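Listed below are the residues making up each chain.
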Amino acid sequence: MTAAYAAAAVVVAALTLYAIFGGADFGGGVWDLFATGPRRRAQRDTITHAIGPVWESNHVWLIFAWVALFTCFPPAYADVGTYLNAPLTLALLGIVLRGAAFVFRNYASDDPTMARTWSFVFGASSIIAPFFLGDAIGAIATGRYAWTSPFALSVGLFNVALCAQVAAVFLIAETDDPSLREDFRRRAIRATIAVWIAGLIPAALARYAEPAFFSALTGSIARLAIAIAVVLGIGVMLLVVRNREMLARVAVGAEVVAVLAGWFGAQAPQFVPAHWAIEIAAAPSTTLSAFLIAVACGAVVLIPSLLYLFAIFKIRSRPHNSV
Amino acid sequence: MGTSLAFHIVFAALGVGLPLLVFVAEGVWLRTKRRAYYDLARTWSKGMAILFAVGAVSGTILSFELGLLWPTFMRYAGALIGLPFSLEGFAFFVEAIFIGVYLYGWDRLSPRAHWLSAIPIALSGALSAGFVTMVNAWMNIPSGFRLVNGKIVDVDPIAAMFSPPWLVEGVHAALAAYVMTGFGAAAVCAFALLRRSAQDRIDQVRAGLTIAMIVAAIAIPLQFIAGDTIARFDAEHEPAKFASLEALWKTQRHAPITIGGIVGRGETRYGIEIPGALSWLVSFDPNSEVTGLDRIAPTGYPPIATVHYSFDTMVGSATLLLLVAFAWFVFALRKRDLPRRLLAAIAFSGPLSLVTLEAGWFVTEFGRQPWIARGLLRTGDAATIAPGIAVQLYVFSCVYVILAATCWWLLRRVGRKPQAAARKPLAPKAATP
């Protein structure tokens, strides 16, 4: 494997982690917007407490992928930034408002008007951001930067469904309250069905409108990854139905990995199909090796810190001292 | 992009400085067990939560805008300046992780572990400021490559990262963050004391004032040393910027420092001149020669008046800050109550430190024009060709106004609420089976 491929792997790995964890946070916003029924408030509280400690670090995966992209593949980055200016700006707007709104509504909780307004902004921007990020990915896959094409838009829709699914599955295990768990379980089942349907649309559209990408999708790596994603998707459903939420978490994460592997496997060795091959878009080898060394050193600090964060908030069950 | 940076820099600075204040406050609480310090740390950490979130999202805007607004610059420079950005990514990661640990860990960690978790936040905050400033240093003096027929070859990312001004600029930027946070936080406390609006927790406010002023009073004199070093560095390496700072047109020995004045084409009139002072500052010899704008091609002029006034504003307001810090130090040393007039001065120094920060940023950015990377790429050539940029700028300007207004409103609420009442019972968390 060359340095260029290693760097590309870092970019895609960061994007994948963002898709899982950042995606779950966006999905949390979606369920916040669609919180219904008698336990509406409790649902929102669960979401707030699940996202609160981790959303900022989850968000850094995107920054990191973006920075890695311009460090290692400057010309591809410049083109993506130019030709996908509109969807990326809209995604950015969503990302910014989501983060700010989440904090604002939490600290304004005793002013109903403010809290309601920012809650709504939080939910709405949690849909906008993943939609346009998915759309941008779809646009790259077309090889024409065609972000208004039905295919790209359908990828955006698919991404929103995926976020909602990941979030719902993750949320089941975030609460002890049986009725709340039931709420999220039902949402997870619905979202999984939504992912299946929303996944068929881009596949069908690619078949008719994006022949180049479709034939790439049927290549060996992509086909295998998609097959795995489908199996995992069914697995998520079964695990959720059978109350195995911890295993379901793992399965839904793996499902996202498989989806991204399918997308990238179809594109490789192109970074931006029809425009930039990985090797050609790559920065000089001195930059790549300095970057890879920096990543290795950074990982030594980052991984234990992340594990510590998740150990505190996602594994240890109860607060030390009661509040 | 300029708007974004001017906005982000405030939150970034507070994001670097506040963790230090919180760390000190909680540390004092752990030692003395005095409730006021605990309350102070809690109140400040709420402010930190809000400001850090806004800083994080506005930083996201910046990193995106690099590609959305300056794709040509990134095409040129991405491979050269990516390394400090990547390292900044890691620093930001650590910061975000421990912000999460700190803010949500009050009841989940032992007090000591919780206190220690503020260290990585403060440390990585200062480091990210340093890394980002390394990029700015590179833009001032691009290095780590050779230009052959207009193409960049022999890329050396390490040399690019450590371009000559990296250390002086990095220290200057980090200190600026502590100056602003120190005076900013002190000003809030001083304002509350002046208005007598927090009588029920006067101890907390006094403690806050002391901690913030200690940080400010340490940082501001150091900042003068750092600033002086940079100025001398600029005189040698960036004569166009230096001559603009001082609005010095004629290359001369015995060069004066000109304060204010009207910057015209070819001369600066009606300014207060201190003869020989500039030559002396540059090389400690009043007879040394200082390069003026006459040695620089007019196509390479920065907007001289803007740079000059920004520079005067920065130095002038920093001098006032230094005086305030000194006055406070004198009173604090004698353990005397602060007179109302000094409290008013401290309250005023909050906004003043913001002005200083922005003026300093204006100096470095406008001083580098017309280049985005000096000698390599002009700003105009680096901008995107994508349509609709004006709309984008308006939209994001509106977003900034809304964010800043909400932030202000929230911070006032957080500041006003006594800690005890502010502690809402947390919702039943979230036990994983």
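A short tour of the structure in this document, coming up. (Residues numbered from 1 in each chain as written. Chains lettered and ligands numbered in written order. Predicted model: local features only at pLDDT ≥ 70, side-chain atom pairs only at ≥ 80, totals over all residues.)

Moving on, we get to the overall build of chain A. Helix and strand counts for chain A stand at 13 helices and 2 strands. Relative to the globule expectation of 20 Å for 323 residues, the C-alpha radius of gyration of chain A, 20 Å, shows essentially globular dimensions. Counting the 323 residues in chain A, one finds 62% classified as buried. A sequence separation of at least 24 residues applies to 76% of the contacts in chain A between residues at least 6 apart. (Helix = DSSP H or I, 4+ residues; strand = E, 2+ residues; numbered from the N terminus. Rg over C-alpha atoms; globule rule 2.2 N^0.38 Å. Buried ≥ 20, exposed ≤ 12 C-beta atoms within 10 Å, placed from the backbone. Contact = placed C-beta atoms within 7 Å.)

Counting secondary structure elements, chain B contains 15 helices and 10 strands. Against the globule reference of 22 Å for 433 residues, chain B gives a C-alpha radius of gyration of 23 Å, in line with a compact fold. Taken over the C-alpha atoms alone, chain B extends approximately 65 × 55 × 35 Å along its principal axes. In chain B, which comprises 433 residues, the proportion classed as buried is 55%. Summarising the internal contacts of chain B: among those between residues at least 6 apart in sequence, 74% fall at separations of at least 24.

Here we come to the nonpolar core. Within the largest apolar cluster, 286 residues are counted, with the highest numbers of intra-cluster contacts made by Val-11 and Ala-65 of chain A together with Leu-21, Ala-186 and Ala-216 of chain B. Residue contributions to this core peak at 23 residues, all from helix H3 (residues 71-104) of chain B. If near-sequence neighbours (up to four positions away) are discounted, Ala-186 of chain B is found in contact with Leu-209, Ala-212, Met-213, Ala-216 and Ile-346 of chain B. (Core = buried A, V, L, I, M, F, W, Y, C linked by C-beta atoms within 7 Å.)

This part is about the interface of chain A and chain B. Each side of the interface is counted separately: chain A has 66 residues, and chain B has 63 residues. Mapped onto the side of chain A that touches chain B, the elements with two or more residues apiece are helix H2 (40-51), helix H3 (55-72), helix H4 (74-83), helix H5 (85-107) and helix H13 (285-315) of chain A. Sorting elements by how many residues they give to the side of chain A that touches chain B places H13 of chain A first, with 15 residues.

Moving on to H2 of chain A. Residues and elements named next belong to chain A. With 12 residues, H2 extends 17 Å from end C-alpha to end C-alpha; this agrees with the ideal 16 Å at 1.5 Å per step. Within the span of H2, buried status applies to Gln-43, Arg-44, Asp-45, Thr-46, Ile-47, Thr-48, Ala-50 and Ile-51. Structurally, H2 contributes buried residues whose contacts are with helix H1 (3-33), H3, H5, helix H7 (150-172) and helix H8 (178-209). (Expected span 1.5 Å × (residues − 1).)

On to the environment of Val-135 of chain B. Residues and elements named next belong to chain B. Following the sequence through the fold, Val-135 ends up in helix H5 (residues 118-140). Judged by C-beta crowding, with 23 C-beta atoms within 10 Å, Val-135 ranks as buried. Sequence separation between Val-135 and Thr-258 is 123 residues; the distance between their C-alpha atoms is 30 Å.

A few words on H1 of chain A. All names here are of chain A. Along its 31 residues, H1 runs 43 Å from first to last C-alpha, staying within 8% of the 45 Å computed at 1.5 Å per residue. Taking the largest bend as the criterion, H1 deviates by roughly 30°, centred on Gly-23. The element H1 is largely enclosed, with a buried count of 25 among its 31 residues. (Bend = angle between axes of the 7 residues up to and from the residue.)

Moving on, we get to the packing of H8 of chain A against helix H10 (residues 220-241) of chain A. Residues and elements named next belong to chain A. Where H8 meets H10, the closest approach of the two axes is 10 Å, and the angle between their N-to-C directions is 165°. In terms of axis orientation, H8 runs roughly antiparallel to H10. Crossing geometry of H8 relative to H10 is assigned as left-handed. Within the contact between the two elements, H8 uses Arg-185, Ala-188, Ile-189, Thr-192, Val-195 and Trp-196 and H10 uses Gly-233, Val-236, Met-237, Val-240 and Val-241. Grouping the amino acids of the contact of H8 with H10 by side-chain chemistry returns 8 nonpolar, 2 polar and 1 charged. (Axes fitted to C-alpha atoms, helices over the stretch in contact; angles between N-to-C directions. Parallel < 35°, antiparallel > 145°, perpendicular 65-115°, else oblique. Left-handed = near helix turned anticlockwise from the far one by under 90°. Nonpolar A, V, L, I, M, F, W, Y, C, P; charged D, E, K, R; others polar.)

Residues and elements named next belong to chain A. Structurally, Ser-149 is set in the loop between helix H6 (112-142) and H7. Expressed as a C-alpha distance, the spacing of Ser-149 and Gly-138, which sit 11 residues apart in the sequence, is 8.9 Å. Look past the residues within four positions of Ser-149 in its chain and what remains in contact with it is Thr-142 and Ala-209.

As a rule of thumb, non-glycine residues mostly have phi less than zero, and peptide bonds are mostly trans rather than cis. In this structure, Tyr-145 of chain A is a non-glycine residue whose phi angle is positive, near 55°. Note that Tyr-145 of chain A resides in the loop between H6 and H7. Owing to 21 C-beta atoms within 10 Å, Tyr-145 of chain A belongs among the buried residues under this scheme. The backbone of Lys-33 of chain B sits at a positive phi, close to 60°, despite the residue not being glycine. Examined against the element boundaries, Lys-33 of chain B turns out to sit in the loop between helix H1 (2-32) and helix H2 (35-69).

With that settled, the discussion passes to the packing of H7 of chain A against H8 of chain A. Residues and elements named next belong to chain A. Here H7 crosses H8 at 160°, and the two axes come no closer than 8 Å. As judged from the angle between their axes, H7 and H8 are roughly antiparallel. When you trace H7 past H8, the crossing you get is left-handed. Here the contact of H7 with H8 is composed, by residue class, of 23 nonpolar, 4 polar and 3 charged.

Take it as geometry only, folks, not as evidence of what the structure does.
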